[in-house]
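Inside the fold
What follows is the residue order along each chain.
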Amino acid sequence: MHIPNLIKYILPLTVMLSITACDKQTKIKQHGLSYCTEGSPSSFNPQTATSNVTLDATTSQLYNRLIYIDPNTQQFKAGLAIDWEISEDRLSYRFFLRKNVRFHHTDYFTPTRPFDADDVIFSFSRILDKTNPYHDVSATGYPFFEGIELDQQVQALVKIDDYTIEFKLVRPDSSFIANLASDFSVILSAEYADTLTALNKQADIDNLPIGTGPFKFKEYRTDNFIRYQRHDDYWGDNAKIKQLIFDITPNASSRLAKLLTQECDIMAYPAASQVEMISEHDRVSISVETGLNVAYWAFNTEKAPFDNPKIRRALAHTINQETLLQAVYYNTGVNAKSILPPVSWAYNPYLKNYKYNLAYARQLLTEAGYPNGFSMDIMALKSSQVYNPDAVKMAELIQSELAQIGVEVRIIKYEWQLMEKKLQQSEYDSYLLGWVADNNDPDNFFRFQLSCNAINTGSNYTRWCNSEFDDLINQAVTETEYIERVTLYYRAQEIIQQELPLIPLAHSLRLHAYTSGLKGVETTAFGGINFINTVRQ
């Protein structure tokens, strides 16, 4: 469909909103920008989050971390810590903190002091110390930190002085500093927590956020929009724009409509099928980046017949990856052989794909005792994700292939909140999901999703536990020699491919569409988006 024809159909749907929002939009155009995002945040604290939507809406806008990963060099760089030292035995990480950093001054909180070591202690003690008054405030817990077993890494957090802090580890862990640089490791205000405690409003800490980031929270209308204002006392260069709107628009067609009618300046995750059309529009540009992500089809390995690796291998041979790439990704993705994408330094290039072979799949089913097939469910998210543009369509293609080997599939479509509940309750046969890396350390792909301990913490939805695999990833994080770590991760990937608790399907390119002339939108392979340097030209 050509752009003019698309607009003809879209405009009647949006004209009313456009008129009523005219004054608001005019002000946004003058002083800020509007970002059409694909969903609502689960909270305003990344520490408690799992969704990319929440991280996009909060991490880089509201908060700072001690350190960052430079998206160009992949090296660590200063954040709220201006420098750091690692002891020779790699058991102590000392951070020297930035001075004169101001927290947000809002309608609901007036800070009286700048950021210091007490804020670092509070931010991580809340996560690590079960007796901390704020530890249980979040109903969701701290999925990322529980998944990486941070409480088993950190022995103590010591305040050396007001601007020096030291993490003491139980054992050397090569992934530790990368985890501190992840989107989840934000610094909160200890003074704000004390204020909320006095008011008996502890839950506000995750819903009425206070950070040190370039924007401060102004307003949230559930499932509608989020409004941020520039933090004019920011410690670095101020954001170029005064106002930032997150326009919550789950449907990709509606996001595109808002982009084309200039109701939004940036559109998150255009559908893969829209890319060619968008690229032909002279007032809209599209950015394409390699993503550290993977889409996969995973199984409940504690439930028959999916507890049998031979069944999982049979299902793997029904996947036609080329068809998926063309029909779902419109060639905006690449084949996956491992959960690690090829850009990872630990990617094992010697792995071989499970070839599309229905005859062999039938043979494996017979050998496993299911010559006539069986019935099963596939759970799929309704909305597009960074790693998978259309999980429902992917499920339909898999359903068609499985019918040819006698496996009857029922597709169950969910929004994330309900699907997450089903996953946590183990009420499923299989699911289409994926992973976007939080940092550039390979451990981030393995531990959270597939370690034995992650079954207990609730993030290993496959419920697969393999002692050899666990030993390998545990040994890998204690190694400092590059070759040794690579060797261990190569073997870990081989075990996944043999056992197949999940079938890697594709690595997606990351796409954004935006109004031409907009400069400085920063995205990373890890998934976050940052508007501090965004300017309209």
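Treat the numbers as computed from the prediction; the structure is a model and nothing was measured. (Residues numbered from 1 in each chain as written. Predicted model: local features only at pLDDT ≥ 70, side-chain atom pairs only at ≥ 80, totals over all residues. Heavy atoms only, no water.)

1. With respect to the overall build of the protein chain
Stated formally: Numbering goes from the N terminus for both helices and strands, where a helix is a DSSP run of H or I of at least four residues and a strand is a run of E of at least two. Atoms counted for the radius of gyration: C-alpha only. Globule rule: 2.2 Å times the number of residues to the power 0.38. Throughout, exposure labels follow a simple rule: accessible area from a 1.4 Å probe, protein chains only, divided by the maximum for the residue type, with under 20% read as buried, over 50% as exposed, and the rest as partly exposed. Working rule for contacts: check all heavy atoms of both residues, and any pair within 4.5 Å makes them a contact. Accessible surface area values rest on a Shrake-Rupley calculation with a 1.4 Å probe, where residue burial reflects the displayed protein chains alone. Two residue types count as positive, namely Lys and Arg, and two as negative, namely Asp and Glu; His and chain ends fall outside the count. All charge positions are set by atom: Lys at NZ, Arg at CZ, Asp at CG, Glu at CD.
Per the secondary structure count, the protein chain includes 20 helices and 22 strands. Here the C-alpha radius of gyration of the protein chain, 24 Å, is about what a compact globule of 537 residues would show, namely 24 Å. Overall size of the protein chain, expressed as C-alpha extent along the three principal axes, is 70 × 65 × 40 Å. The buried share of the protein chain, taken over its 537 residues, is 57%. In the protein chain, the share of contacts with a sequence separation of at least 24, taken over all contacts with a separation of at least 6, comes to 69%. Accessible surface computed for the protein chain: about 22,100 Å², of which carbon and sulfur atoms make up 48%. Distance between charge centroids for the protein chain: 5 Å, based on 49 positive and 63 negative side chains.

2. With respect to the side chain of Asp441
Selection rule: For the purposes of these results, a polar contact is taken to be a pair of N or O atoms within 3.5 Å, where, inside protein, one atom must be able to donate a hydrogen and its partner to accept one; residues adjacent in sequence count only when each atom of the pair is a side-chain atom.
Secondary-structure assignment places Asp441 in the loop between strand S17 (430-436) and helix H17 (443-450). Judged by relative accessible area, which is 6%, Asp441 ranks as buried. A distance of 3.0 Å separates a polar side-chain atom of Asp441 from the backbone nitrogen of Asp443. Looking at Asp441, its side chain comes within polar contact range of the side chain of Arg485, at 3.1 Å.

3. Observations regarding the packing of helix H19 (residues 467-478) against helix H20 (residues 482-499)
To keep it simple, the criterion reads: Only the stretch in contact is used when a helix axis is fitted, and all axes are lines through C-alpha atoms; the angle between N-to-C directions ranges over 0 to 180 degrees. In what follows, roughly perpendicular refers to angles from 65 to 115 degrees, roughly parallel to angles under 35, roughly antiparallel to angles over 145, and oblique to any angle outside these ranges. The handedness criterion is simple: a crossing whose near helix is rotated anticlockwise from the far helix by less than a right angle is left-handed, and one whose near helix is rotated clockwise is right-handed.
Remark: H19 packs on H20, axes separated minimally by 9 Å, with the N-to-C direction vectors making an angle of 160 degrees. Considering the angle they form, H19 stands roughly antiparallel to H20. Relative to H20, the crossing made by H19 is left-handed. Residues Glu468, Phe469, Leu472, Ile473, Gln475, Ala476 and Val477 of H19 form the contact with H20, whose own contacting residues are Arg485, Leu488, Tyr489, Arg491, Ala492, Ile495 and Ile496.

4. Focus: the sheet that holds strand S5 (residues 92-97)
Note the following rule: Strand pairing is assigned whenever DSSP detects at least two bridges linking the two strands.
Taking strand neighbours across the sheet as the criterion, the 4 strands line up as S4-S5-S7-S6 in an open arrangement whose pairing is antiparallel. Both outer strands of the open sheet, strand S4 (81-86) and strand S6 (154-161), are each paired with one neighbouring strand and no more. Taking each pair of neighbouring strands and ignoring which way they run, the sheet shows an average axis angle of 20 degrees. Sheet topology places S6 next to strand S7 (residues 164-169); 6 bridges connect them, and they run antiparallel. When the sheet's bridge partners are listed, Val154 is paired in S7 with Leu169. Where helix H4 (residues 117-128) meets the sheet, its contacts fall on S5, S6 and S7, and the angle it forms with S6 comes to roughly 165 degrees.

5. What to know about helix H15 (residues 391-403)
Definition in use: Between the first and last residue of a helix there are one fewer steps than residues, each counted as 1.5 Å, and that sum is the expected span.
Between the first and last C-alpha of H15 there are 18 Å, a value that for 13 residues agrees with the 18 Å anticipated at 1.5 Å per step. Every buried residue of H15 is accounted for by Ala391, Val392, Met394, Ala395, Ile398, Glu401 and Leu402.

6. Side note on a nonpolar patch on the surface
Counted only if it meets this: Patches in this entry comprise residues that are over 30% relatively accessible and not in a salt bridge; like charges within 9 Å are linked, as are nonpolar side chains (Val, Leu, Ile, Met, Phe, Trp, Tyr) within 5 Å. A pairing counts as a salt bridge when a side-chain nitrogen of Lys or Arg comes within 4 Å of a carboxyl oxygen of Asp or Glu.
On the surface, a nonpolar cluster with roughly 320 Å² of combined accessible area is contributed by Trp345, Tyr482 and Ile483. For Tyr482, the position within the fold is in helix H20.

7. Side note on the packing of aromatic side chains
Basically, it comes down to this: For this analysis, a ring pair means two rings from Phe, Tyr or Trp (six-membered ring only for Trp) whose centres lie within 6.5 Å, classed as stacked if their planes differ by under 30 degrees, edge-to-face if by over 60, and tilted for the remaining angles.
Summed over all chains, the structure comprises 30 aromatic pairs. Note on Phe124 and Phe167: the rings are 5.3 Å apart at their centroids and 85 degrees apart in plane angle, and the pair reads as edge-to-face. Taken as a pair, Phe124 in helix H4 and Phe167 in strand S7 lie far apart in primary sequence, 43 residues in all. Phe167 matches Phe124 in its accessibility class, with the two residues each being buried. Centroid distance Tyr428 to Tyr431: 5.4 Å. Interplanar angle 85 degrees. Geometry classified as edge-to-face. Considered together, Tyr428 and Tyr431 belong to a single accessibility category, that of buried residues. Three or more aromatic residues link up through ring pairs in this structure, and these residues are Phe44, Tyr108, Phe109, Tyr192, Phe217 and Tyr220.

8. What to know about empty space enclosed by the protein
Inclusion rule: In this analysis, the protein atoms alone were mapped onto a 1 Å grid. Cavities are point sets where a 1.4 Å probe fits without being able to get out; pockets are open sets with protein on both sides within 12 Å along at least five of seven lines; lining residues have an atom within 4 Å of a point. Grid points are joined across faces, edges and corners, and a volume is the space filled by probe spheres set on the points. Gly counts as polar in this scheme, as do all residues outside two lists: the nonpolar Ala, Val, Leu, Ile, Met, Phe, Trp, Tyr, Cys and Pro, and the charged Asp, Glu, Lys and Arg.
In the structure shown here, the tally under the stated rule is 5 cavities of 30 Å³ or more. Volume-wise, the largest cavity comes out at about 120 Å³. Lining the largest cavity are Ala316, Ile319, Gln321, Ala336, Lys337, Lys352, Asn353, Tyr354, Gln497, Leu500, Ile503 and Pro504. Partitioned by chemical class, the residues of the lining of the largest cavity number 7 nonpolar, 3 polar and 2 charged. Considering only residue class, the lining of the second largest cavity consists of 8 nonpolar, 4 polar and 1 charged.

9. Considering unusual backbone geometry
With an omega dihedral of 0 degrees, the bond running from Ala304 to Pro305 counts as a cis peptide bond. Considering the arrangement of structural elements, one finds Pro305 in the loop between strand S13 (293-299) and helix H12 (309-316).

10. Quick look at the confidence of the model for the protein chain
Let me state the cut-off plainly: Confidence scores here are pLDDT values: one per residue, from the predictor, ranging 0 to 100.
Averaged over the protein chain, the pLDDT score is 90; the fraction of residues at 70 or greater is 94%. Confidence drops under a pLDDT of 50 for residues 1-21, and excluding neighbours within four residues, the segment shows 15 contacts in the predicted structure.

11. Observations regarding the state of the cysteines
The criterion, for reference: Disulfides are defined as cysteine sulfur pairs within 2.5 Å.
All told, the structure shown has 2 disulfides when counted by the stated rule. Disulfide pairing is shown between Cys36 and Cys264; the S-S distance is 1.9 Å. Since a negative S-S torsion denotes a left-handed disulfide, the Cys36-Cys264 link at about 65 degrees is right-handed. You can see Cys36 sitting in strand S1 (residues 32-37) and its partner Cys264 sitting in the loop between helix H10 (252-260) and strand S11 (266-268), a full 228 residues away along the chain. No difference in accessibility class separates Cys36 from Cys264, as the two residues are buried. Two residues, Cys452 and Cys465, share a disulfide whose sulfurs are 2.0 Å apart. With the S-S bond torsion at 95 degrees, the cross-link from Cys452 to Cys465 turns out right-handed.

12. So, helix H3 (residues 52-62)
Of all 11 residues in H3, 11 are buried, a share of seventy percent or more. Every buried residue belonging to H3 is among Asn52, Val53, Thr54, Leu55, Asp56, Ala57, Thr58, Thr59, Ser60, Gln61 and Leu62, and all of these are buried.

13. Points about the nonpolar core
The condition is simple: We call a set of buried residues a nonpolar core when its members are Ala, Val, Leu, Ile, Met, Phe, Trp, Tyr or Cys and they connect through side-chain atoms within 4.5 Å of each other.
The biggest cluster of nonpolar side chains holds 144 residues, and the ones touching the most others in it are Phe95, Phe167, Tyr228, Trp297, Met376, Tyr431 and Leu432. Setting aside residues no more than four positions away along its own chain, Trp297 makes contact with Leu315, Ile319, Met376, Ile378, Ile398, Leu402, Ser430, Tyr431, Leu432, Leu502, Ile503 and Leu505. Leu259, Met267, Ile278 and Val284 belong to the second-largest nonpolar core, a separate cluster that totals 8 residues.

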